[in-house]
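Residues per chain are reported as follows:
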There are 4 protein chains.
Amino acid sequence: MILIDQRSRVPIYEQIQENFEMLVLTGALKRDEQLPGVRTLAKELAINPNTIAKAYQLMEVAGIIYSLPGRGSFIALTADELRQRHRPQALQKFREVTFHLKEVGVAETEARAEVSRIYASPSEGRDKNDSRSESDEKI
Amino acid sequence: MILIDQRSRVPIYEQIQENFEMLVLTGALKRDEQLPGVRTLAKELAINPNTIAKAYQLMEVAGIIYSLPGRGSFIALTADELRQRHRPQALQKFREVTFHLKEVGVAETEARAEVSRIYASPSEGRDKNDSRSESDEKI
Amino acid sequence: MILIDQRSRVPIYEQIQENFEMLVLTGALKRDEQLPGVRTLAKELAINPNTIAKAYQLMEVAGIIYSLPGRGSFIALTADELRQRHRPQALQKFREVTFHLKEVGVAETEARAEVSRIYASPSEGRDKNDSRSESDEKI
Amino acid sequence: MILIDQRSRVPIYEQIQENFEMLVLTGALKRDEQLPGVRTLAKELAINPNTIAKAYQLMEVAGIIYSLPGRGSFIALTADELRQRHRPQALQKFREVTFHLKEVGVAETEARAEVSRIYASPSEGRDKNDSRSESDEKI
DNA sequence: GTGGTCTAGACCACA
DNA sequence: GTGGTCTAGACCACC
C-alpha cells in the first residue's frame, strides 16, 4: 500500500506523509479510519520506528491525523478537506513552474496543450520522488 | 545584482547558481563574459569565499561557466543554449505540478486561466527561494 | 585498505575516488555495500572530514556511490558497470599515448611486446561472477 | 604555428613547451635555430609575457633550449635527441594506460588492434590538451 | 550514528 | 589578481 523509495532524497517521513495524503485523496482512507500502528508499519516497511513516529507526529501537527493515546492514529479529514487545504500551495507552485516554463522559452500554446493533455488523461499513477535522476535539475 | 536568502532551505551555493542562470537567461550576462572573482563576490554578498568557490565549481561541472585558474570564471553558454538545456526538466516539472493541481481539485479552466495570466504578464526577473514553503521538493 | 599520497599533485579527494573505484573493480566492494563513514575514514586516514566528504560528494555526482543522509554511503554500481563506463575513456587515453609512443620513435614491435607483457602478468584480484566481459549493454 | 587552447586545463606555459617540442619532433625547428622573442610571441599569441617567459625558462631548465642573454633563445637538441629523452616517460605512461585498459576489461586482441591501427595511420594531427572533456578521466 | 552545509583562515599554482 | 585545495571546527536534518 505504501511505497517508500529508500534512495530518494526526500526524507522518508515526508514520503510517508505524502503516501497517506495520497491514500486520502484517492479515497482509500476515509475520515476516522485508523492508520497502522507505528511498530506495525515500521516492520512492514523495514524502517526505523523513530522515523515512522516522526512522520505520524508531523501529520498530527499538520492536522491530517489525530492520535488517541493508547488507541491509535486516525485520519482527521476528508478527501475534500485535504484538497481544499492543498489548493493554495498547489496553485502557488503551479504559478512558479509556469513562470519558469515561460522563462525557458516554452510557448504558451505548448503549455496549454500540456494542461489539456493532463486533464484529459485518467487520474492514475503515482510518480514523483525521483530519487537520483542523473541531471540534478532544480525547479 | 545577486540576491541570497540566508534563511532559505536551498543551499547558498545553489542560490548563487540560480542567480547566475537567471542573469544569463535575462541577457544580463553573455557567453564568455567574466564573472566577479570569488573573493570579490564573497565580500559583496558577505558570504564565505569557500561557499562562492563551491558554487562556481558546481556551475563549472554543470557546464554553465568555465574557470581558468589564474584568469577568472566565464559564462560558458548563451541564453538560448541554457534555455534548451532547461526545457525538458521544466516541462517535466510542469507536468508533475499540473497533475497535482488536477489531483487537488482545481478545474482545468482555472489552470488555463493561470497560464494565460502568467504568459500575459511582463517578463521580469522574479526570484524564488521560497524558504519554508510547505512544498520543499527540489530535485 | 585505502592509500593516499599526501605529496601527490592529484587532489586527495580524487585519490580517494580512485581508491574506491579500484576496490569496486577488484571486487572488494560490491553494489549496495556500505562505505566507511566520513568521520571514520577521516580518522583512519588522518585527513580532514571535509575532504572525505568532498570525495564522497564527488563520487555521488559521478554515480559511483549514493549517499543517504542519516544512513550512510553505498556503492551504486557493479564492477562490470564501472568497467563499461571507463572503457571509452581508457581506450581514448590508450590511443593518445600510443600515438605519442609512435611519435617518439618506439617501434611497433616494441609496443606490441609491452602489451603482451602486461596482459600476460597476473591481474591481481579479479572477482568471479563477472560473466561476459565484452558485453555492450547498459551504461 | 603555435596553438594555445586558452580553455584548456593544462597550463599555458606547458602548452607552449609542448608546442615547441612538437615543432622539433616534426623537424620544423632544428638545433640552434632561434625561437621568437618573448615579447614577440606574447603579442602574437595575446598572452601575458610573464607566461611566455616562464615557458622559456622551463624549457631551458629542461635542456630543450638555451638562452644567450641579449641574443635570444635557441633550440638545444635535435629531434632524435628529444625522442631519446621522451622515450622512457612515454613507455612508462604507455604501460600504465595499457594496464588500466586491461583492468577495465578490454581484450588483448582489441588493444593490439588499436596499436596496429595507430602505427598504420600516417603521422599527422595534433590532438591532446583535451580542455574540458566532460569526463575528467584519470590515469 | 550518518551525510550536508557553512565559516574561517591558510597555502598553492597560474597569469 | 585568479581559482583550487586543504584544515579546523561548527551546526543542521535525518535515521
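Rules used in this analysis
Residues numbered from 1 in each chain as written. Chains lettered and ligands numbered in written order. Predicted model: local features only at pLDDT ≥ 70, side-chain atom pairs only at ≥ 80, totals over all residues. Heavy atoms only, no water. Helix = DSSP H or I, 4+ residues; strand = E, 2+ residues; numbered from the N terminus. Buried < 20%, exposed > 50% of the residue type's maximum accessible area, 1.4 Å probe, protein only. Contact = heavy atoms within 4.5 Å. Areas by Shrake-Rupley, 256 points an atom, 1.4 Å probe, with all protein chains shown as cover. Pairing = 2+ DSSP bridges. UniProt positions renumbered as here; feature names shortened; annotations may be inferred. Near = heavy atom within 4 Å. Polar contact = N/O pair within 3.5 Å; in protein donor to acceptor, adjacent residues only side chain to side chain. Nonpolar A, V, L, I, M, F, W, Y, C, P; charged D, E, K, R; others polar. Domains from an automatic or database assignment. Buried area = accessible area lost by both parts, 1.4 Å probe. Salt bridge = Lys/Arg side-chain N within 4 Å of Asp/Glu carboxyl O.

In the annotation of an unreviewed UniProt entry, chain A is listed under the name GntR family transcriptional regulator and assigned to Peptococcus niger.

Break down the overall build of chain A for me, with residues and values.
The secondary structure content of chain A amounts to five helices and two strands. Among the 139 residues that make up chain A, the fraction classed as buried is 41%. Pairs at least 24 residues apart make up 53% of the contacts formed inside chain A by residues separated by at least 6 positions. A total accessible area of about 7400 Å² is found for chain A, and carbon and sulfur atoms account for 51% of it.

Requested: an account of the pairing of strand β2 (residues 72–75) of chain A, with residues and values cited.
Note that strand β1 (residues 65–68) of chain A and β2(A) share four bridges and pair antiparallel. Along β2(A), the bridge assignment pairs Ile65(A) with Ile75(A).

Before we move on, could you go through the environment of Tyr56(B) and cite the residues and values that matter?
Residue and element names in this part refer to chain B. Its place among the elements puts Tyr-56 in helix α3 (residues 49–61). Classification of Tyr-56 by relative accessible area gives buried; the value is 3%. With 64 residues separating them in the primary sequence, Tyr-56 and Ala-120 have C-alpha atoms 34 Å apart. When residues no more than four places from it in sequence are discounted, the contact partners of Tyr-56 are Phe-20, Leu-35, Pro-36, Gly-37, Val-38, Leu-41, Ile-65 and Ser-73.

Requested: an account of the UniProt feature "domain: HTH gntR-type" (unreviewed entry) in chain A, with residues and values cited.
In this structure's numbering, the residues bearing the UniProt feature "domain: HTH gntR-type" (unreviewed entry) are residues 10–78 of chain A. Segment residues 10–78 of chain A splits into 51% helix and 12% strand. End C-alpha atoms: 25 Å apart.

Outline the protein's contact with DNA strand F, supporting the account with residue identities and numerical values.
Lining the immediate environment of DNA strand F, one finds 30 residues, of which Tyr13(A), Val38(B), Ile12(C), Tyr13(C) and Asn50(C) sit closest. In this structure, a phosphate oxygen belonging to DNA strand F sits 3.2 Å away from a side-chain N or O atom of Gln57(B). Thr51(C) is positioned with one of its side-chain polar atoms (N or O) 2.7 Å from a phosphate oxygen of DNA strand F. Those elements that place two or more of their residues in the surface near DNA strand F are α1 (12–25) and α3 (49–61) of chain A, α2 (38–45), α3 and β2 (72–75) of chain B together with α1 (12–25) and α3 (49–61) of chain C. Broken down by element, the residue count for the surface near DNA strand F peaks at four residues, all from α3(B). Partitioned by chemical class, the residues of the surface near DNA strand F number 12 nonpolar, 13 polar and five charged.

Break down the domain arrangement of chain A for me, citing the residues and quoting the values.
All names here are of chain A. For chain A, the assigned domains are domain 1 (12–77) and domain 2 (80–120). On a C-alpha basis, the centres of domain 1 and domain 2 stand 28 Å from each other. Between domain 1 and domain 2, the contact holds eight residues from the first and five residues from the second. Surface buried jointly by domain 1 and domain 2 totals about 620 Å² across both partners, of which 59% is contributed by carbon and sulfur atoms. Its largest share of buried area at the contact with domain 2, domain 1 owes to Glu-21, Leu-25 and Leu-77, together 75% of the area lost on that side. Inspection of the domain 1/domain 2 interface yields zero salt bridges. At the junction of domain 1 and domain 2, the tally comes to two residue pairs in polar contact (both at pLDDT 80 or more). The class makeup of the residues in the side of domain 1 that touches domain 2 is five nonpolar, one polar and two charged.

So what's going on with the interface of chain D and chain B? Residues and values would help.
How big an interface is tends to be stated in terms of the accessible area lost upon association of its parts. Counting from both sides, the interface comprises four residues of chain D and, opposite them, six residues of chain B. When chain D packs against chain B, close to 450 Å² is buried across both sides, 42% of that on carbon and sulfur atoms. In this structure, Asp32(B) and Arg7(D) form a salt bridge, with 2.8 Å as the shortest nitrogen-oxygen distance. Looking at the side of chain D that touches chain B residue by residue, the class counts come to no nonpolar, one polar and three charged.

Account for the pattern of salt bridges, naming residues and giving values.
According to the stated counting rule, one finds 24 salt bridges over all chains in the structure shown. A salt bridge links Arg117(A) to Glu114(A); the shortest N-O distance between them is 3.1 Å. Residue Arg117(A) and its partner Glu114(A) are both found in helix α5 (residues 108–120); the two are separated by three residues, about one turn of the helix. Relative accessible area serves as the criterion here: at 9%, Glu114(A) is assigned to the buried category. Among the ionic pairs, Glu114(C) bridges to Arg95(D), the shortest N-O distance being 2.9 Å. With one member in each of two chains, Glu114(C) in helix α5 (residues 108–120) and Arg95(D) in helix α4 (residues 79–103) form a pair that bridges those chains.

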